[in-house]
Amino acid sequence: MSSKKTGRQIRRRRKRGRPFASEETAGRAGIVAAARRLLEDLPPHRVTVVMIAREAGVDPAMVRYYFASREELFLAVTENIVLTWVAGHPPPVAPPAERLSSYIAGMVDFARTTRSMQRLMIDECAEAKAPEVRRRVRELNEMAVRGYAQLFDSNQPEPLESVDPLLAYIAIIGMSEFFVAAQPMI
């Protein structure tokens, strides 16, 4: 037998830092997906980095490699949830009143299917210590308020009553969250 090793038998020594692509089992997207799975069953305050790492099948150090803090990880999860939802639910091409009705139905459905979102946004992201996390949460909310502002724009062919878009956004979130929380009562 030959003592020569083939290319596959030779193992490269891995330096510190990011693993080789072939070694990477989860990566950033896999870690976010694992956190989302855990948040389907647990409130955000009970989800730890170690639990997320275990769910993703990686070492906790890998989670810390991709996300400087738990807050940044939860921000990435929040953005993933919001952007996935928005991509899957484009606003209908309809008169403003019908679009508003669609937005309200969509918010109720969103609250029903993403039960931990309110706690994730408020407790974990909006009150984060990191200013960048708080800034990004503001941007996500501003994006939603701009969508409502377009509904109440007086230049629309069939304008709705003049309503403060921020108050409409807050009221619709409140109604949606209450509807979901009060389901046992309803």
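Below you will find a few notes about this structure. Values in this document were obtained by computation on a predicted structure and should not be read as measured data.

Moving on, we come to the overall build of the protein chain. Assigned secondary structure in the protein chain consists of eight helices and zero strands. Out of the 186 residues in the protein chain, the part that is buried amounts to 35%. When contacts within the protein chain are restricted to residue pairs at least 6 apart in sequence, long-range pairs at least 24 apart make up 65% of them. Per element, the accessible surface of the protein chain, about 12400 Å² overall, is 55% carbon and sulfur.

The next subject is the nonpolar core. Ile31, Ile52, Val58, Val63, Phe67 and Val77 are the most contacted members of the largest nonpolar core, which has 35 residues in total. Elements with a minimum of two residues in this core: helix H1 (27-41), helix H2 (49-56), helix H3 (60-66), helix H4 (70-88), helix H6 (117-126) and helix H7 (131-151). Considering each element in turn, this core owes the most residues, eight residues, to H4. Not counting chain neighbours up to four residues away, the residues in contact with phenylalanine 67 comprise Arg28, Ile31, Val32, Glu72, Leu73 and Ala76. Counting residues in hydrophobic clusters, the runner-up holds ten residues, among them Leu100, Tyr148, Tyr169 and Ile172.

This part takes up the packing of aromatic side chains. In this description, an aromatic ring pair is defined by two values, namely the gap between the centres and the angle between the planes. Within the structure shown, the criterion is met by four aromatic pairs. Aromatic pair tyrosine 103 and tyrosine 148: ring centres 5.4 Å apart, planes at 85 degrees, arrangement edge-to-face. On the criterion of sequence distance, the pair formed by tyrosine 103 in helix H5 (residues 96-113) and tyrosine 148 in helix H7 is long-range, its members being 45 residues apart. By the burial criterion, tyrosine 103 is buried, and tyrosine 148 matches it. Site record: aromatic cluster; members linked through ring pairs are Tyr103, Tyr148 and Tyr169.

Here we come to the layout of surface pockets. Put simply, the largest pocket is a space of about 1000 Å³. What lines the largest pocket is a set of 33 residues, and nearest its centre among them are Val86, Met107, Ala144, Tyr148 and Tyr169. Counting residues per element, the ones that place at least two in the lining of the largest pocket are H4, H5, H6, H7 and helix H8 (165-181). Looking at the lining of the largest pocket element by element, the count peaks at eight residues for H7. Residues belonging to the lining of the largest pocket are distributed by class as follows: 23 nonpolar, eight polar and two charged.

Closest axis-to-axis distance for the H4/H6 pair is 10 Å, and the angle between their directions is 145 degrees. Seen from above, H4 lies across H6 with left-handed handedness. Across the interface between the two elements, Arg70, Glu71, Phe74, Leu75, Val77, Thr78, Ile81 and Val82 from H4 touch Met117, Leu120, Met121, Glu124 and Cys125 from H6. Among the residues forming the contact of H4 with H6, the class breakdown is nine nonpolar, one polar and three charged.

Now for H4. Over its 19 residues, H4 runs 27 Å from end to end, which matches the ideal 27 Å to within 8%, given 1.5 Å per residue. Residues of H4 that are buried include every one of Glu71, Leu73, Phe74, Leu75, Ala76, Val77, Thr78, Glu79, Ile81, Val82 and Trp85, and no others. Residues of H4 that are buried in the fold lie against H1, H2, H3, H5, H6 and H7.

Take the pattern of salt bridges next. Opposite charge on two side chains lets them pair, provided their charged atoms get close. Inspection of every chain in the model, using the stated rule, returns eight salt bridges. Salt-bridge contacts for glutamate 132 lead to arginine 135; the nearest nitrogen and oxygen are separated by 2.4 Å. Placement of both glutamate 132 and arginine 135 in helix H7 is noted, with a separation of three residues, approximately one turn of the helix. According to the relative accessible area criterion, glutamate 132 is partly exposed, its value standing at 44%. By relative accessible area, which is 31% here, arginine 135 ends up partly exposed. For glutamate 139, the salt bridge is made with arginine 135, and the minimal N-O distance between the two is 2.0 Å.

Rules of the game
Residues numbered from 1 in each chain as written. Predicted model: local features only at pLDDT ≥ 70, side-chain atom pairs only at ≥ 80, totals over all residues. Heavy atoms only, no water. Helix = DSSP H or I, 4+ residues; strand = E, 2+ residues; numbered from the N terminus. Buried < 20%, exposed > 50% of the residue type's maximum accessible area, 1.4 Å probe, protein only. Contact = heavy atoms within 4.5 Å. Areas by Shrake-Rupley, 256 points an atom, 1.4 Å probe, with all protein chains shown as cover. Core = buried A, V, L, I, M, F, W, Y, C linked by side-chain atoms within 4.5 Å. Phe/Tyr/Trp six-rings, centres within 6.5 Å; stacked < 30°, edge-to-face > 60°. 1 Å grid on protein atoms, 1.4 Å probe; cavity = no way out; pocket = protein on both sides within 12 Å on 5 of 7 lines; lining within 4 Å. Points joined across faces, edges and corners; volume = space filled by probe spheres on them. Nonpolar A, V, L, I, M, F, W, Y, C, P; charged D, E, K, R; others polar. Axes fitted to C-alpha atoms, helices over the stretch in contact; angles between N-to-C directions. Left-handed = near helix turned anticlockwise from the far one by under 90°. Expected span 1.5 Å × (residues − 1). Salt bridge = Lys/Arg side-chain N within 4 Å of Asp/Glu carboxyl O.

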